[in-house]
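Summary of the model geometry
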Amino acid sequence: GGGEYHLAYSLTAAGNYSLSVLVGRHKDIVGGRPGTVVVYPGRLSSQHCGVVGDKLGSGTLLFGSICRFELYLRDSYGNYISCEHYYSSLLTHNISEMSVYHEADGNAAWSA
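These notes cover the structure that comes with them. (Residues numbered from 1 in each chain as written. Predicted model: local features only at pLDDT ≥ 70, side-chain atom pairs only at ≥ 80, totals over all residues. Heavy atoms only, no water.)

**Notes on the overall build of the protein chain**
Going by this rule: Helix and strand assignments come from DSSP, with helices taken as H or I runs of at least 4 residues and strands as E runs of at least 2, each series counted from the N terminus. For every residue, the accessible area obtained with a 1.4 Å probe (protein chains only) is divided by the maximum for its type, and the residue is called buried under 20%, exposed over 50%, and partly exposed between those limits. Here, two residues are considered to be in contact whenever any of their heavy atoms come within 4.5 Å of each other. Computed by Shrake-Rupley with a 1.4 Å probe, the accessible areas treat only the displayed protein chains as cover when residues are assessed.
Per the secondary structure count, the protein chain includes one helix and eight strands. When the elements of the protein chain are put in sequence order from the N terminus, they spell out β-β-β-β-β-β-α-β-β. Per-residue burial for the protein chain yields a buried fraction of 10% across its 112 residues. Long-range contacts, defined here as pairs at least 24 residues apart, represent 39% of the contacts in the protein chain between residues at least 6 apart. A total of about 9,600 Å² of accessible surface is found on the protein chain, and carbon and sulfur atoms cover 53% of it.

This is the structure we're talking about:
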């Protein structure tokens, strides 16, 4: 009442949005123009991330050789977390451990 309204909405896709609130019979925009809403990716979700590399899964890598790979970071909605988002986010993303396991015995051979 009293001309005051409370609105809530939930966005799950990261991106730039335009928000307009229209009132009256002529659908006038409140404030005279749309507002801008920027939605950043959420917290890092290990279940939605991935690893890609040339030698991964091939079973062929010589001892002492280099294996390069890339991590694809995503939030629980599948939004990609870029390096810019990762470093400038208000949220803290924490990659606490990375391990490489030897398939024969399951023991960690390397960890960072």
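**Describing the environment of G53**
Structurally, G53 can be placed in strand β5 (residues 50-53). Overall, G53 belongs to the partly exposed group, its relative accessible area being 25%. Not counting residues up to four positions away in its chain, the partners in contact with G53 are R68 and F69.

**Comments concerning the side chain of S45**
Convention followed: Polar contacts, as used here, are pairs of N or O atoms within 3.5 Å; protein pairs need one atom able to donate a hydrogen and one able to accept it. Residues neighboring in sequence count only if both atoms are side-chain atoms.
The residue S45 is located in the loop between β4 (35-39) and β5 in this model. Note on S45: relative accessible area 8%, which makes it buried. Of the polar contacts made by the side chain of S45, one reaches the side chain of H48; its length is 2.8 Å.

**Here's the deal with a nonpolar patch on the surface**
The line we're drawing: What makes a patch is a set of residues exposed beyond 30% relative accessible area and free of salt bridges, joined within 9 Å when like-charged and within 5 Å when nonpolar (Val, Leu, Ile, Met, Phe, Trp, Tyr). Every case where a carboxyl oxygen of Asp or Glu lies within 4 Å of a side-chain nitrogen of Lys or Arg is listed as a salt bridge.
Taken together, Y5, L7, Y9, L11, L19, V21, V23 and V30 make up a surface patch of nonpolar side chains, about 800 Å² in accessible area. Mapped onto the elements of the fold, L7 is located in the segment before β1 (15-19). When its relative accessible area of 67% is taken as the criterion, L7 is described as exposed.

**Brief notes about unusual backbone geometry**
The phi dihedral of K27 falls on the positive side, at around 55°, and the residue is not glycine. In this fold, K27 is placed in the loop between β2 (22-23) and β3 (28-29). What makes K27 exposed here is its relative accessible area of 58%.

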